[in-house]
Amino acid sequence: MKKVWSSYINASLILKITVALILGTAVGLVFGEDAAVLAPLGDLLIKLLSFLIIPLVLFTLIVGVNQTKLSNLGSMGGKVFLYYSLTSAFAIIVGLTVASLFEPGTGLSLDPDQSFKVPENPGIISVLLNIVPSNIVTAFNEMNLLGIIFTAFAFGIAISSLRTSENHAELGEHVYKVIEGLNEATFKIMNVVLQYVPIGIFAIIAKTIGNQGIDTILSLGNMIAVLYIALFVQVAIYVVFLVFFKVSPKEFFSKARTPMITAFATQSSSGTLPLTLNAANGLGLPKSLYGFSLPLGATINMDGAAIRIAISAVFAANVVGAPLSFTDMLIIVIVGTLATIGTAGVPGAGIVMIATVFAQVGLPMETVALLTAVDALVGMGATALNVTGDLVGATIIGRKEKNKQ
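Now for a quick tour of the structure.

**Let's talk about the packing of aromatic side chains**
Point 1. If you walk through the whole model with that rule in mind, you get four aromatic pairs.
Point 2. Summarising the aromatic geometry, the rings of Phe244 and Phe245 are spaced 5.2 Å apart at their centres and angled 85 degrees between planes, so their arrangement reads as edge-to-face.
Point 3. The class for Phe244 is exposed, based on a relative accessible area of 61%.
Point 4. Given a relative accessible area of 26%, Phe245 falls into the partly exposed group.
Point 5. The ring of Tyr8 carries the charged tip of Lys16 above its face, separated from the ring centre by 4.4 Å.
Point 6. Lying across the ring of Tyr176, Arg163 places its NZ or CZ 4.0 Å from the centre.

The following block contains the structure:
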């Protein structure tokens, strides 16, 4: 057993995750819903990753703020928001273009008995107000990433001010060293958790495939295939971005593949955040950048979800036999871009975004119920792209900001 454990530890992480994906898929197909017995192993992975989110975001961002000039933070923030807005809009255009070519949903019909209760969309104003938490404990307890970012920035700037003051420089330096030590300790814990990631992914994939079933996959296979084609097109566009900004795609994906695959399995950008931050650290990006942009991106930047909105809209229009006009597509681009921000942090955010856009262009809500049949399979790919887009943005902006550090 000792030899087997040693071989497992020494094997490359990506090899272990790849094997976990293959075995999980096989077990899910063979045992069906009985594969749910493995669910606790997957739940443990989610808990371990969630356990690391707050210390990683908090300590990484505080350290990052203290490692850069405060004047550069505003510049980086502006670039991050611009990137998120443009790529989300562009992703919807990609989704509409691919869906218009392949026309998913043609030939299908609605079941009049199907219905789906759509959660309320909180809106952009609510999301913006949520940036400032009513108190720190609430922000941490509710895993409010925007509130945690705000808290980290506030304390990071305060500690930086202490370190440069005449009367409290020594005190500020001591506080900073403690935070820096806690940040390194958190990454040490992360290295241990990484060894469990393949086991958790195996369990989650087995359960997901087992619950979906081969019949469901085949019945809406055209829609799923079109969505994944669009996702790969968007990844190709990311590669063009990376090459344009003189970043090696091979180096990028060698570091990014673990959070990408984990996001695919868990369907959670926020849950994968510890691995995404770890990948950014491995890429040598400034802590002040990725400590801010990645938690923010996990909350509001959803390129995969944007493509999902576009594909779902064309799918719904084809199901009811009412192809989208150019005006409808323009509305989808505008509303969809805003919806990816306005539904940040909401459970079932993908369904909320789709329903919001459907309401604007007059598509029937009954089609939302139809889409929930493959929600997990669609969400897996969309979430993986969400995380990829966040990391691409941080890498590109990091390359531009590197000379300012």
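So, next bit.
**Quick look at unusual backbone geometry**
Comment: phi is negative for the bulk of residues other than glycine, and the bulk of peptide bonds are trans.
Point 1. Of note in this structure, Met143 is not a glycine but carries a positive phi near 50 degrees.
Point 2. Tracing the backbone shows Met143 in the loop between helix 6 (136–141) and helix 7 (145–164).
Point 3. Unusually for a residue other than glycine, Lys246 sits at a positive phi of about 60 degrees.
Point 4. By secondary structure assignment, the location of Lys246 is in the loop between helix 10 (221–244) and helix 11 (249–266).
Point 5. Looking at Lys246, the relative accessible area reads 70%, which means it is exposed.

**A short note on the nonpolar core**
Point 1. Ile201 and Ile332 are the most contacted members of the largest nonpolar core, which has 122 residues in total.
Point 2. Per element, the largest residue contribution to this core is 13 residues, and it comes from helix 3 (residues 39–65).
Point 3. Among residues more than four places away in sequence, those in contact with Ile332 are Ile92, Leu96, Ile309, Ala313, Leu324, Thr337, Val357 and Val361.

Rules used throughout
- Residues numbered from 1 in each chain as written.
- Predicted model: local features only at pLDDT ≥ 70, side-chain atom pairs only at ≥ 80, totals over all residues.
- Heavy atoms only, no water.
- Phe/Tyr/Trp six-rings, centres within 6.5 Å; stacked < 30°, edge-to-face > 60°.
- Buried < 20%, exposed > 50% of the residue type's maximum accessible area, 1.4 Å probe, protein only.
- Lys NZ or Arg CZ within 6 Å of the ring centre and 35° of its normal.
- Helix = DSSP H or I, 4+ residues; strand = E, 2+ residues; numbered from the N terminus.
- Core = buried A, V, L, I, M, F, W, Y, C linked by side-chain atoms within 4.5 Å.
- Contact = heavy atoms within 4.5 Å.

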